[in-house]
Amino acid sequence: MTTGRIKKVAGPLVVATGLPAAQMYELVRVGELGLVGEIIEMRGSEASIQVYEETQGLAPGQPVEPTGQPLSVELGPGLLASVYDGMQRPLAALRDAAGAFLSRGLSSPGLSREALWDFKPSVGVGAWVNAGSIIGTVREHEVFEHRIMVPPGLSGTIASITGGWHHVDDVVATLQSRDGSVHELTLLQRWPVRTARPYRERKLATEPLITGTRVIDSFFPLLKGGVACIPGPFGAGKTVTQHQIAKWANAQVVIFIGCGERGNEMTDVLREFPELTDPATGRPLLQRTVLIANTSNMPVAAREASVYTGITIAEYFRDMGYEVVLQADSTSRWAEAMREISGRLEEMPGEEGYPAYLGSRLAAFYERAGVVQCLSTEYPDPSTREAAARAAALKTPGADAYCDCRTGSVSVVGSVSPPGGDLSEPVVQNTLRVVKVFWALQDTLAFQRHFPAIDWIGSYSLYLDRLEPWWAEHVAGDYRQLRDRAAGILAREQELTEIVRLVGMDALSPAEQASMDCARMIREDFLQQNAFRDDDQFSSLTKQACLLRLILDFHDRILAALDAGAELADFDGLAVRDALARAKYLADDDSTAFSDLAAAIAAAVPLNETDGAHTPPIDARTETAQVGEGV
Amino acid sequence: MEIREVVGSLLLVQADATVAYDELVEIELPDGRRSFGTVLEVDESAVLVQVFQGTGGVRPDATGVRFLGRGLELGVTPDLLGRVFDGLGRPRDGGPEPVARAWKSIHGEAINPIARDFPDDFIQTGISAIDGCNPLVRGQKLPLFSEAGLPHNELAAQIARQASVLERSDDPTQAGAAERGDFAVVFAAIGVTFEDASFFIDEFRSTSAIERSALFLNLADDPATERFATPRMALTAAEYLAYELGMHVLVIYTDMTYYCEALREISASRKEVPGRRGYPGYLYTDLASLYERAGRIEGCEGSITQIPILTMPDGDKTHPIPDLTGYITEGQIILTRELFSKGIVPPIDILPSLSRLKQKGIGAGKTREDHAQVSDQLFGAYAAGLQARELAVVLGEAALSADDRAYLQFAAEFESRFISQGRREERSVTQTLDLGWELLKLVPRASLKRSQDAYSERYGDF
């Protein structure tokens, strides 16, 4: 390929000429140091290049080396437990090469070329494979099954395949296309980050992403393949919430993107993640995590790319049939990077200086989340008998060794950091337009030591209706009703608080006072959850339903008693209140304790009529809707 | 070299030789004065130069332009200490140019996030409102958010004077002895008045801290475009002292508002698309490139702690400068006029102030085991006190409940005895915590539920 040369340098923007074969978004190496850049504009023979590193010292006439490829990531064994920068350079390798500071022009492949992996083929010579077909597996960190797939765009029959120890770039199999050409397959494949990886079919998400955090799971649930947004005001405990999701969510792979974060905080994440243990396997959580760290003082273009790098890696694991959770912290920093680059390109600005395409870029990013039926083996010619038999077998999962009609999902939790906490600014507004779940972290709640500080009034989840059948089937038939009633009581509390502030508690009717009392119990005994207490940090959905039912049952009984002429004061200081407050620390499967508590409540506040009308606290159909099926 | 155009502080120069982006330019005016500039943009035939001292006196046909083949650099040496420089790193104290051991680009390089060491060494500032409630740790960047007319300079000078670290203590009930260690102060004045700058110089002289200090001064009447370089000069010096000489460096720069305004001026003269309030869209990245130079590096003895001072226009925290700063720094210390007008010095507004790294730097071994509890208690009690005060304004003090009256008294005493302290008074962290317990006795006992009882008995003598 011909080497071009620099014509003009203005900040991170370089104009080059002499690149006849240049394509839009192609990666180039700029100047004598070989700085990484990306072509973002072409006019006639001139290409504008966004350079990903500091451009000091670049001068007209210096070389520009084309690579013929867009900005891509390397996908293959060795991704897990890695810490990358926004361009998928492993930070540890950079440190070993250049010391504590990131000097310019460093490069290092995303996947180690030295590491050896034990490849176990799962198809034989002569087998038909196409894009997405799994040809074998590799064990990462002993427990994770890394499935080696045929890269998109290829199909044919396996001409050779070799198991055993291989480097990521060794040829492990060859594939003969129908046109006779032979392609080499390695453990590694590349994919351009700005293009979504293909799948067979997008599906509607219907299953919850269970996090064990009660306010999330019961009040504002997220679906596997869904998208959520979390604003992070100072000191509201965003990091803890993110860690909890990473730790407990029923997903097999976690991708964490630190985009424009503080260096010291990123260090905290990098130090704490290795210490977190995966509750499902007891192994370090890092072994199923990929971290992407691009702090605020690292080059702005790499910050812009980091989000795409992360989601592409997430899609790769999704394509293997895994459930992936991606956390992007923060998308506001990402949007600012876009704004900065757009400003340098002298594009006409939209709202608050952000580029006019801010909304569409944000939407396109979040749209890469979702549940998909992955690409997998499809037989080419259904008219042949063998193929017909196999095609029929495909429809019966498990009937054919080749059949892997697998689904995978990417759930995205994007945090936003609006300037001045102003939720009306463009990044938040454009994000809210696409996300279905909003967890409004409030610093005022954090000051009151209400954790997790997710505001029950300002938050929402639009997945409730879609989740209702799943809840009814897997948790309890009345779960949705319980949740809605509790949410209603909390909303009513807010109205009543206004009145109390103006005219005092005495102005409320006894029933209203009881409702305030119930709201307090929901807040303190249900919503508040201690992430650092072993017996409180995770609640199964069954336990969440039980807790809600107990609190509401207690409230109903008090209301009934008030109707029958009792005084509210009669129910102060009941021993059963303490027991209720401690109920959240009961073990998930301790159904006796929950039934005992239900009985204690019934005894403390008896109903006048026969006591059989109430649903027993433990649903007969109780199945533990537990975390992760494991990997 | 032929000057083709002069517009504002920009020169468009016809260049024959190869000129690199961000190269330093020396300009010789017809009257013999010399001025510097940097290359903003190069293409094959022309170079756009930003002149620091302005273009007054430039005659296109009689002005010499020389490209120096390097960017803005600072010659680093241990002899930087004890000296006063101008905003571009030239001696301002009449002394000779120090002999550089190495020349460093003032832009520095980003620290690899995995090479960072987490900051968790408590810095004892001797100021109760900081040590007790919003502690500073080595490697942190903690700005002072102030307003015009508040004593932020005095506070910064007091911190510089008193800052020390505590030895590790094996006894959770005892804080270790204070030691200053191998420390240095790097001070950058950005666009402040001569008086403000001389306050700091005198302050450092009078405590003989000047020998451990390097000062970079760009005063209000110095060219605004030089302000871009001043904090970078200071930080380059700090990085050398910290990471090559292993010193613990405290960098104080004042006033970030002027820095940002200079940046806006430069951006406007470049005709860039403005962002919020006319500040350039890259303000966040630019500020990050300064603030993020704080920290510690694994395997390196030294550290850089930053205390940038910024005056919020009309106390507005949502103004782009404090707002973006808050998103990069690890918390903020906020000064308020309300306390200052009551005569409380330093007038630190405890509740909205925040130190995001405090949890890791306090507690048994580092300070004292009860530190976090005292801090939480004081926060809670003071918040309740301020609520009671609001209530008292509406209802009158007589109408308050006994509890509220107790909180009201606590708030008053907390302000006058805990927050307020003399400019020369240095309180050890033990004194601060003990004072905290003493004040907490004013609060209704039952409301001290956040604290562990053992601590209130051991330290509070309840």
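Residues numbered from 1 in each chain as written. Chains lettered and ligands numbered in written order. Predicted model: local features only at pLDDT ≥ 70, side-chain atom pairs only at ≥ 80, totals over all residues. Heavy atoms only, no water.

### Description of the overall build of chain A
For clarity, the cut-off: The way it works is that DSSP assigns letters per residue, a run of H or I at least four long becomes a helix, a run of E at least two long becomes a strand, and they are numbered from the N terminus. A 1.4 Å probe rolled over the protein chains alone gives each residue an accessible area, and that area as a share of the maximum for its type sets the label: buried under 20%, exposed over 50%, partly exposed in between. Any two residues whose heavy atoms approach within 4.5 Å are treated as being in contact. The charged-residue count follows a simple rule in which Lys and Arg add positive charge and Asp and Glu add negative charge, with His and chain termini not counted at all. By convention, the charge on Lys lies at NZ, on Arg at CZ, on Asp at CG and on Glu at CD.
Helix and strand content of chain A: 16 helices and 26 strands. Structurally, chain A occupies a C-alpha span of about 90 × 60 × 40 Å along its principal axes. Sorting the 631 residues of chain A into buried and exposed places 57% on the buried side. Within chain A, contacts between residues separated by at least 24 positions form 71% of all contacts whose residues are at least 6 apart in sequence. Here chain A contributes 57 positive and 82 negative side-chain charges, whose respective centroids are spaced 5 Å apart.

### A few points about the interface of chain B and chain A
Which entries qualify depends on this criterion: Using a 1.4 Å probe, buried area is obtained as the accessible area two parts lose upon being combined, added over both of them. We define a salt bridge as a contact between a side-chain nitrogen of Lys or Arg and a carboxyl oxygen of Asp or Glu at a distance within 4 Å. Distance and chemistry together define a polar contact, namely a pair of N or O atoms within 3.5 Å, with one atom able to donate a hydrogen and the other to accept it when in protein, and with adjacent residues in sequence counting only for side-chain atoms on both sides. Here the term charged refers only to Asp, Glu, Lys and Arg, the term nonpolar to Ala, Val, Leu, Ile, Met, Phe, Trp, Tyr, Cys and Pro, and the term polar to all other amino acids, Gly among them. DSSP bridges decide pairing: two strands pair if at least two such bridges lie between them.
Listed per partner, the contact involves 56 residues of chain B and 59 residues of chain A. Together chain B and chain A conceal approximately 5,000 Å² of surface at their shared face, both sides included; 54% is due to carbon and sulfur atoms. When the buried surface of chain B facing chain A is broken down by residue, B:Tyr21, B:Ile114 and B:Tyr327 rank first, second and third, together holding 15% of it. Taken together, the connections running from chain B to chain A amount to eight salt bridges. A salt bridge links A:Glu265 to B:Arg356; its shortest N-O distance comes to 2.9 Å. Counting the contacts that link chain B with chain A gives 31 residue pairs in polar contact (both at pLDDT 80 or more). Listed by contribution, the elements that provide at least two residues to the side of chain B that touches chain A are β4 (34-43), β10 (116-117), α6 (283-291), β19 (295-297) and α7 (320-328) of chain B. Residue classes in the side of chain B that touches chain A are distributed as 23 nonpolar, 15 polar and 18 charged. Examined bridge by bridge, strand β1 (residues 4-10) of chain A and β4(B) share three bridges and lie antiparallel to one another.

### Notes on the pattern of salt bridges
With the rule as written, the count across this model stands at 80 salt bridges over all chains. Note that B:Lys360 and A:Glu272 form a salt bridge whose closest N and O atoms lie 2.8 Å from each other. A residue pair is termed interchain when its members come from two chains, as with B:Lys360 in helix α9 (residues 358-361) and A:Glu272 in helix α4 (residues 263-272). For B:Lys360, a relative accessible area of 27% translates into the label partly exposed. Take A:Glu272: its relative accessible area is 27%, and that puts it in the partly exposed class. Each of A:Arg95, A:Asp96, A:Arg271, B:Asp117, B:Asp120, B:Asp121, B:Arg168, B:Arg296, B:Glu298 and B:Lys366 takes part in one network of salt bridges that share partners.

### Structural notes on the packing of aromatic side chains
All names here are of chain A. Formally: The aromatic pairing rule takes the rings of Phe, Tyr and Trp, using the six-membered ring of Trp, and pairs them if the centres are within 6.5 Å, calling planes under 30 degrees apart stacked, those over 60 edge-to-face and the rest tilted.
For the structure shown, the criterion picks out 21 aromatic pairs over all chains. Pairing Phe144 with Tyr322 gives two aromatic rings, centres 4.7 Å apart and planes at 40°, and the pair type is tilted. Within this pair, whereas Phe144 is found in strand β12 (residues 144-149), its partner Tyr322 is found in the loop between α5 (300-319) and β22 (323-329), the two being separated by 178 residues in sequence. Its relative accessible area of 2% is what places Phe144 among the buried residues. A connected cluster of aromatic rings, assembled from ring pairs, spans Phe144, Tyr316, Phe317 and Tyr322.

### Points about the pairing of strand β15 (residues 171-176) of chain A
Residue and element names in this part refer to chain A. As defined by bridge partners, strand β13 (residues 155-161) adjoins β15 across four bridges and the pair is classed as antiparallel. Note on β15: the bridge partner recorded for Ile158 is Leu175. Pairing between β15 and strand β16 (residues 182-186): five bridges, direction antiparallel. What sits directly across from Gln176, in β16, is Val182.

### Re the confidence of the model for chain B
Residues and elements named next belong to chain B. Definition in use: By definition, pLDDT measures how confident the predictor is in each residue, and it falls between 0 and 100.
Of the residues in chain B, 98% reach a pLDDT of 70 or more, and the chain-wide mean stands at 89. Per-element mean pLDDT across chain B ranges from 74 in helix α13 (residues 453-460) up to 95 in helix α4 (residues 230-244). Taken together, the chains of this predicted complex give a pTM of 0.88 and an interface ipTM of 0.85.

### Here we look at the sheet that holds β12(A)
By definition, the strands of a sheet pair up through backbone hydrogen bonds, in either a parallel or an antiparallel sense. Residue and element names in this part refer to chain A. Operational definition: Each axis is a line fitted through C-alpha atoms, and for a helix only the stretch in contact is used; angles between axes span 0 to 180 degrees, taken between their N-to-C directions.
Taken in spatial order, the four strands make up an open sheet running β12-β11-β9-β14, and their pairing is antiparallel. The sheet terminates laterally at β12 and β14 (164-166), the two strands that pair on one side only. On average, each strand axis in the sheet is inclined to that of its neighbour by 40°, with strand direction left out of account. In the sheet, strand β11 (residues 134-140) pairs with β12 via six bridges, with the strands oriented antiparallel. The partner of Thr137 across the bridge, within β12, is Arg147.

### Notes on the sheet that holds β13(A)
Residues and elements named next belong to chain A. As summarised here, the arrangement of the four strands in space is β10-β13-β15-β16, forming an open sheet in which the pairing is antiparallel. Each edge of the open sheet carries a strand with a single partner, namely β10 (128-130) and β16. Within this sheet the neighbouring strands show an average axis-to-axis angle of 45°, counted without direction.

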